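So you can see what is in the structure, the chains are spelled out below.
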Amino acid sequence: QVQLVESGGGLVQPGGSLKLSCAASGIIFNDYTMAWYRQAPAKQRELVAVVFIGGSTNYADSVKGRFTISRDNAKNTVDLQMNSLKPEDTAVYYCKAYRLRIGIESEYWGQGTQVTVSS
């Protein structure tokens, strides 16, 4: 059974920091691209950051220079360090694992963790 469990969300003031973690089980973690998405109220879910199997990363323009994604293949975890948080970063943050192998897609999501940036 595949599980992605996020943790680390909460309430933080503008300019503050939070670190989200996602622990994966039931998959061969090294085979999967890992990503963080977020969904704000009344908005579509959007990609925040992705870390590929080889370790390269991509970020949404809105978080570049503020957020850092990293993976630990030994611990089967992916983290999102969020600095200089803004109220517009408020959303539910989701962890996603993705693999495309021999034309077959495998995709798994966590349950989400709430991040609220407010004074």
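Right, let's walk through the structure included here. Predicted model only: the values in this text are computed from it and were never measured.

## A closer look at the environment of Tyr32
Note that Tyr32 resides in the loop between β3 (18-25) and β4 (33-39). Taking C-alpha positions, Tyr32 is 6.2 Å from Ile53, a pair spaced 21 residues apart along the chain. Beyond its immediate sequence surroundings of up to four residues, Tyr32 is in contact with Ile27, Ile53, Arg71, Ala97, Tyr98, Arg99, Ser106 and Tyr108.

## Brief notes about the pairing of strand β1 (residues 3-7)
Along β1, the buried face is formed by Leu4 and Glu6; none of Gln3, Val5 and Ser7, which line the opposite face, is buried. Bridge analysis of β1 against β3 gives five bridges, and the strand direction is antiparallel. By the bridge assignment, Glu6 is partnered in β3 with Cys22.

## Concerning the sheet that holds strand β8 (residues 77-82)
Across the sheet, which stays open at both edges, the four strands sit in the order β1-β3-β8-β7 with antiparallel pairing between neighbours. Each edge of the open sheet carries a strand with a single partner, namely β1 and β7 (67-72). Between one strand and the next, the sheet's axes are offset by a mean angle of 15°, whatever the strand orientation. Across six bridges, β3 lies against β8 in antiparallel orientation. Following the sheet pairing, Ser21 is matched in β8 by Asp79.

## Describing the packing of aromatic side chains
Within this structure, the stated rule accounts for three aromatic pairs. Aromatic pair Tyr32 and Tyr108: ring centres 6.2 Å apart, planes at 50°, arrangement tilted. You can see Tyr32 sitting in the loop between β3 and β4 and its partner Tyr108 sitting in strand β10 (residues 104-109), a full 76 residues away along the chain. Residue class for Tyr32 comes out buried when judged on its relative accessible area of 3%. Judged by relative accessible area, Tyr108 falls into the partly exposed class, the value being 29%. Between the aromatic rings of Tyr94 and Trp109, the centroid separation amounts to 6.4 Å while the plane-to-plane angle is 85°, which identifies the pairing as edge-to-face. Of this pair, Tyr94 sits in strand β9 (residues 91-101) while Trp109 sits in strand β10; the two residues are 15 residues apart in sequence, bridging distant segments of the chain. With relative accessibility at 13%, the residue Tyr94 sits in the buried group. When its relative accessible area of 31% is taken as the criterion, Trp109 is described as partly exposed.

## What to know about the pairing of β10
The pairing of β9 with β10 spans six bridges and is classified as antiparallel. Bridge pairing in β10 links Arg99 to Ser106. The antiparallel hairpin formed by β9 and β10 contains two residues in its connecting segment, where Ile102 sits at a positive phi of about 50°.

The rules we used
- Residues numbered from 1 in each chain as written.
- Predicted model: local features only at pLDDT ≥ 70, side-chain atom pairs only at ≥ 80, totals over all residues.
- Heavy atoms only, no water.
- Helix = DSSP H or I, 4+ residues; strand = E, 2+ residues; numbered from the N terminus.
- Contact = heavy atoms within 4.5 Å.
- Buried < 20%, exposed > 50% of the residue type's maximum accessible area, 1.4 Å probe, protein only.
- Pairing = 2+ DSSP bridges.
- Axes fitted to C-alpha atoms, helices over the stretch in contact; angles between N-to-C directions.
- Phe/Tyr/Trp six-rings, centres within 6.5 Å; stacked < 30°, edge-to-face > 60°.

In short, geometric facts, not functional conclusions.
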